[in-house]
Structures are given as structure tokens and as C-alpha cells.
Amino acid sequence: MDDVAHHVYERRRHPRPPVVPRPDVSVAIALGSGGARGLAHILVLEALDELGVRPTAIAGASIGSMVGAVYAAGMPAREIHALVLSLLHNRGEVMKRLFAARVGRIADLFGGLGNPVLIDAELFVEGFLPDVVPPNFEDLAIPLQVVATDYWDRGEAVFDKGPIRPAVAASVAIPGLIRPVQHDQQVLVDGGAVNPLPFDLLRSKADTVIAVDITGGHAGETGGVPMPFDVMFGTLQIMASSIVGEKLKAGAPDILIRPNVDAFRVLDFFRATAILKAAGPVKDEVKRRMEAVLG
């Protein structure tokens, strides 16, 4: 039994009591795009669990849609934290699952036919999303909205009904790394391209809207010419940060959280422990700001 299956099995054998919602306030949360930086989302959700605050709605883009789907399925954030570290500390298992999801070939690179590291989005999600996530949005414990980008219509596509996995696969389909998804007669790519912090989808869903922004800042370097992949992902982050900046001018969420993850790259998943340590203070920030709301 692999680590993911073991955690799901143990959870079903020894289920934790559900978080008791606070009756005096309703909270919705938007989990933004940003690759490995999105591991910080888990700490924000842990803080809400420890306060006894159960979100009434979640919206997620890219990595935010994956974390959001697992949490919306009912897995407590502390268990998500343990599950993620257990998997990402097993580099061999991660590479095995990535290889199983790879669609590109080395020969394609030299023939000008494509990217040899290209990943199939739906196989990727099937390999990394735990079984606790049900097949359909309607079966989730918390309503979830997943943001993707409709490539041909050049606009936002929001999913909250029907199959979950194709929607999440589309939301995480980073251009150049993960192949676009064909779903509902649409060609879909990374949700961060149009709405990297989808708090606007939640304005009518709760009294208080929290948004977790992980788009800002460079990965530590301040000079020289970056490597090609760093340029590609860094440019996507710059675009996402600009979109978020314009959205905030039009109207900010009630609580904006920006974890200290600027020093990490989009694909720094094997630095999970360092990311979670750097983002650690965000838990106290969330609790402090939520306590002010709760009164």
C-alpha cells in the first residue's frame, strides 16, 4: 500500500470528528495559483480548522484547485499536511507518478514535434489527487468552484458541477509543461492565466471572503539571465501577479493573506518542508485576523 492509500485507509478506519462551524460568521476562501508555493494554502486551512471555522465555499485556481478539492472533500488540513509531506519526501514515488503521466518523447524534441517532458493533465491529477476526493462536485462536503482558462474563447471557465477531476486537470494545465485538457467541448489550460486569485467568485457566498495570494515576488535571484524554464514560469507568475494587482484595485477581499513564499519557484515541490516552514507564520496571521472578524 503506497503512502497516499495508507493515509486514506487510516482516515477511513479512524475518522476525525468534523469541525464544528462557528454560527456567528460565514467564511469563503479563495486559494490562488502559484505551483509549489501553494503548499502554503494548507497552513491557512489548518488555522481555520483550529479556530473551528468551516468555510461555506471554496474557489481555487491551479494548485489552489487541487488543495481546495481535497479539503472540500472533507479531509482536515492537518491530514492534508501529513499526506503531502509523506508523498513529497518520497522522490522516487513522485517521479514514478510523473513518468506515468508523461506524454512527450525525447525524439519529439529533436524532430521539432513537441516537449519531451509534457505531462497529461488528467493522468497527473489521477496520480496525485487522493481517493478521498469524490467523482463529482455535487458529492463534496463544501461547495467548490474550479477556475480554468478556455483557450479558444480567451476567457474564464468556472466549474462547480459534474466531474471534478477533468476540471482540476484543466486548472493545473501549466502551458509548456502540462498538455491542455479537452472537456465539455472546450480546450482548457491553467486557470492562473485568467483568474489566479478567484475571490470575486465568492462575494455572494459568505459574510467574509479570505483570499490567499501566492503570485508575488521572484525566487530569490535579482540578476543574470535565468534558465529557460525559469523564464517561462517566472513570466507566468509576473502575469498572474499583474492580474491580481488589477483585481485588487477594483475591489479587495475582506482578508488578503500573502504567505512568505516568494523565495520559491513554481516547481519547488521537493522543498515542501522549507516552503511550509517559511510560510509557518501565516497561521498566526490568519487566526489574528479572523479573531478580529469573529469578535
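Keep in mind that what you see is a predicted model, and the values were worked out from it rather than measured.

Caption draft 1: Representation of the pairing of strand β2 (residues 57-61) within the structure. Of all 5 residues in β2, 5 are buried, a share of seventy percent or more. Of the two faces of β2, the one carrying Ala57, Ala59 and Ala61 and the one carrying Ile58 and Gly60 are both buried. Looking at chain direction, strand β1 (residues 27-31) and β2 are connected through 4 bridges and run parallel. Residue pairing in the sheet places Ala30 in a bridge with Ala59 of β2. Once the chain exits β1 it traverses helix α2 (residues 40-51) before rejoining the sheet at β2, and the crossover so formed is right-handed. In this sheet, strand β4 (residues 144-150) lies alongside β2 in parallel orientation, the contact comprising 4 bridges. Looking at β4, one finds that Ala59 is bridged to Gln145.

Caption draft 2: Fine view of the pattern of salt bridges. If you walk through the whole model with that rule in mind, you get 12 salt bridges. With a closest N to O distance of 2.7 Å, Arg97 and Glu93 form a salt bridge. On the criterion of helical spacing, the pair formed by Arg97 and Glu93 is a turn pair, its members being 4 residues apart in helix α5 (residues 91-101). In this structure, Arg179 and Asp120 form a salt bridge, with 2.6 Å as the shortest nitrogen-oxygen distance. Taken together, the residues Arg179 in strand β6 (residues 178-179) and Asp120 in strand β3 (residues 119-120) connect sequence positions 59 residues apart. On the basis of relative accessibility, which here comes to 14%, the residue Asp120 falls in the buried class. Where salt bridges share partners, they join Glu46, Glu50, Lys283 and Lys287 into one cluster.

Caption draft 3: Spotlight on the packing of aromatic side chains. In total, this model carries 2 aromatic pairs according to the counting rule given. Seen in terms of ring centroids, Phe124 and Phe128 are 5.0 Å apart; in terms of plane orientation they differ by 40°. Their pairing is tilted. With Phe124 and Phe128 both in helix α7 (residues 121-128) and 4 residues apart, the pair spans about one turn of that helix. Per residue, the accessibility class of Phe124 equals that of Phe128, and both read buried.

Caption draft 4: Examining the pairing of β1 more closely. The element β1 is largely enclosed, with a buried count of 5 among its 5 residues. Side chains Val27, Ile29 and Leu31 project from β1 onto one buried face, and the interleaved Ala28 and Ala30 project onto a second face that is buried too. Pairing geometry for β1 and strand β9 (residues 208-212), over 5 bridges, is parallel. Of the residues in β9, the one forming a bridge with Leu31 is Val212.

Caption draft 5: Seen up close, helix α8 (residues 164-171). When you tally the buried positions in α8, you get 8 out of 8 residues, the bulk of the element. Those residues of α8 that fall on the buried side of the exposure criterion are Ile164, Arg165, Pro166, Ala167, Val168, Ala169, Ala170 and Ser171.

Caption draft 6: Molecular detail of the layout of surface pockets. Considering only enclosed or pocket space, the largest pocket measures out at about 930 Å³ in volume. Elements that contribute at least two residues to the lining of the largest pocket include exactly α3 (63-72), α4 (77-88), α5 and α7. In the lining of the largest pocket, the residues fall into 30 nonpolar, 2 polar and 2 charged.

Reading the values: rules and limits
- Residues numbered from 1 in each chain as written.
- Predicted model: local features only at pLDDT ≥ 70, side-chain atom pairs only at ≥ 80, totals over all residues.
- Heavy atoms only, no water.
- Buried < 20%, exposed > 50% of the residue type's maximum accessible area, 1.4 Å probe, protein only.
- Helix = DSSP H or I, 4+ residues; strand = E, 2+ residues; numbered from the N terminus.
- Pairing = 2+ DSSP bridges.
- Right-handed = clockwise from strand over helix to strand, strands pointing away.
- Salt bridge = Lys/Arg side-chain N within 4 Å of Asp/Glu carboxyl O.
- Phe/Tyr/Trp six-rings, centres within 6.5 Å; stacked < 30°, edge-to-face > 60°.
- 1 Å grid on protein atoms, 1.4 Å probe; cavity = no way out; pocket = protein on both sides within 12 Å on 5 of 7 lines; lining within 4 Å.
- Points joined across faces, edges and corners; volume = space filled by probe spheres on them.
- Nonpolar A, V, L, I, M, F, W, Y, C, P; charged D, E, K, R; others polar.

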